[in-house]
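# Remarks on the overall topology
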Amino acid sequence: MPVSPGAPPVEVRDGSVAIGGRPILRGIDLTVRSGEFLALMGANGSGKSTLVRAVTGLLPVTGGGISLFGTPYADFRDWKRVGFVPQRASAASGVPATVWEVVASGRITRRRPFLPLSREDRRAIADAIDVVGLSDRTGLGVSQLSGGQQQRVLIARALAGEPDLLVLDEPTAGVDLGNQRALADALATFKAGGATIVLVAHELGPMAPLIDRAVVMRDGRIAYDGPALDEEDAHGHHHPLAASHDHVPHVGSPLDELGGGR
Ligand SMILES: Nc1ncnc2c1ncn2[C@@H]1O[C@H](COP(=O)(O)OP(=O)(O)OP(=O)(O)O)[C@@H](O)[C@H]1O
């Protein structure tokens, strides 16, 4: 496969997605640059999950095109470069898997089939568990962990594949502040290694300082694309539409600047 050094990890050109004949996304133009940490924000139903599902190959685009790492979608095979943590996934499947086992399952895209884990595989798995701060729990059953800790296991599973692009769909939804901070630390470490991150989030919370750029969706289109607003910008002013306040206090959201909301 031709490798395009420096090619943007994600490029969507005039992308549209319809589900069951109903247009969900329209006219999406989005380039995510290498090493960028992009927050994809917007009200419920604005199309964030649909967009990341299209980018990660789970939903076909019905118009326009997507390239990943400079390769048009139809030709892209290098899926080990892409990690995805889907929305509201549970790491506890009912099967009594340990933290180590769940994270090791994320190594599958990199492993040689039918051979024992290599030293390199074991290092990647241990590193991923360490990055999310669960090294003292590797032997525990995942179902014994809290929801926030389970979310960290799922992120470690994606990190174990050592992707160049990590896409996370609302990993902090319903997660307590301590676990949100642990997630932010993990993503900061991952980003420091040069990786690209696309994070779907309603609120940025402890992730806010890490964000390079925010894209806000509304009604299946991109309504804002620019710097993430800091807490003061987002809250140092009167809200023109109080009812549209789309987030919890003390957390910045570019939605405020648009006066839009749910
Ligand atoms: N499988 C599906 N079948 C039918 N409609 C769908 C499907 N998935 C999404 N939609 C619709 O597409 C629109 C966008 O949904 P999407 O989940 O992408 O929004 P979102 O911004 O991620 O919202 P949330 O913040 O609630 O996750 C919504 O109107 C939703 O009802």
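This one's a predicted model, so the numbers in the text were calculated from it and none came from an experiment.

## Some remarks on helix H1 (residues 48–55)
Most of H1 sits inside the fold, with seven of its eight residues counted as buried. Burial in H1 covers these residues: Lys48, Ser49, Thr50, Leu51, Val52, Ala54 and Val55. Looking at the residues trailing H1, positive phi occurs at Gly57, about 85°.

## Focus on the site of the ligand
Taken together, Ile19, Gly20, Ile24, Gly42, Asn44, Gly45, Ser46, Gly47, Lys48, Ser49 and Thr50 make up the full set of residues adjacent to the ligand. Here the shell around the ligand gets three residues from one element, more than from any other, and that element is H1. Its residues placed into classes, the shell around the ligand shows two nonpolar, eight polar and one charged.

## A closer look at unusual backbone geometry
If you check the backbone angles, Asp14 has positive phi at about 50° while not being a glycine. With respect to the helices and strands, Asp14 occurs in strand E1 (residues 10–19). Unusually for a residue other than glycine, Asp219 sits at a positive phi of about 50°. Residue position: Asp219 is located in the loop between strand E9 (213–218) and strand E10 (221–226). Judged by the 14 C-beta atoms lying within 10 Å of it, Asp219 falls in the partly exposed class.

## Brief notes about the nonpolar core
In terms of nonpolar packing, the biggest core is built from 69 residues, with Ala39, Leu40, Val103, Ala128, Ile155 and Ala156 touching the most fellow members. The element best represented in this core is helix H4 (residues 147–160), accounting for seven residues. Among residues more than four places away in sequence, those in contact with Ala128 are Val103, Ala156, Leu159 and Ala160.

## Structural notes on the pairing of strand E7 (residues 165–169)
Two faces make up the sheet, and in a regular strand the side chains alternate between them. Counting buried positions along E7 gives five out of five residues, so the element sits mostly inside the fold. Residue alternation in E7 divides its side chains into two sets, Leu165, Val167 and Asp169 and Leu166 and Leu168, and both sets are buried. For strand E6 (residues 82–85) and E7, the ladder comprises four bridges, and the chain directions are parallel. Considered in E7, the bridge of Val82 is made with Leu165. By the bridge criterion, five bridges tie E7 to strand E8 (residues 196–200) in an arrangement that is parallel. Bridge assignment links Val167 to a residue of E8, and that residue is Val198. After leaving E7, the chain enters helix H5 (residues 177–192) and then returns to the sheet as E8, a path that is right-handed.

## A look at the sheet that holds E1
With respect to topology, four strands assemble into an open sheet ordered E2-E1-E4-E5, the strand pairing being antiparallel. Each edge of the open sheet carries a strand with a single partner, namely strand E2 (22–32) and strand E5 (71–72). The strands touched by H1 are E1, E2 and strand E4 (63–68); relative to E1, the strand with the most contacts, the crossing angle is about 115°.

## Some words on the packing of helix H3 (residues 119–131) against H4
With their axes 8 Å apart at the nearest point, H3 and H4 run at an angle of 145° to one another. Handedness of the H3/H4 crossing: right-handed. In this structure, H3 uses Ala124, Ile125, Ala128, Ile129 and Val131 to contact H4, whose residues at the interface are Ala156, Leu159 and Ala160.

Each value, and the rule that gives it
- Residues numbered from 1 in each chain as written.
- Predicted model: local features only at pLDDT ≥ 70, side-chain atom pairs only at ≥ 80, totals over all residues.
- Buried ≥ 20, exposed ≤ 12 C-beta atoms within 10 Å, placed from the backbone.
- Helix = DSSP H or I, 4+ residues; strand = E, 2+ residues; numbered from the N terminus.
- Near = placed C-beta within 6 Å.
- Nonpolar A, V, L, I, M, F, W, Y, C, P; charged D, E, K, R; others polar.
- Core = buried A, V, L, I, M, F, W, Y, C linked by C-beta atoms within 7 Å.
- Contact = placed C-beta atoms within 7 Å.
- Pairing = 2+ DSSP bridges.
- Right-handed = clockwise from strand over helix to strand, strands pointing away.
- Axes fitted to C-alpha atoms, helices over the stretch in contact; angles between N-to-C directions.
- Left-handed = near helix turned anticlockwise from the far one by under 90°.

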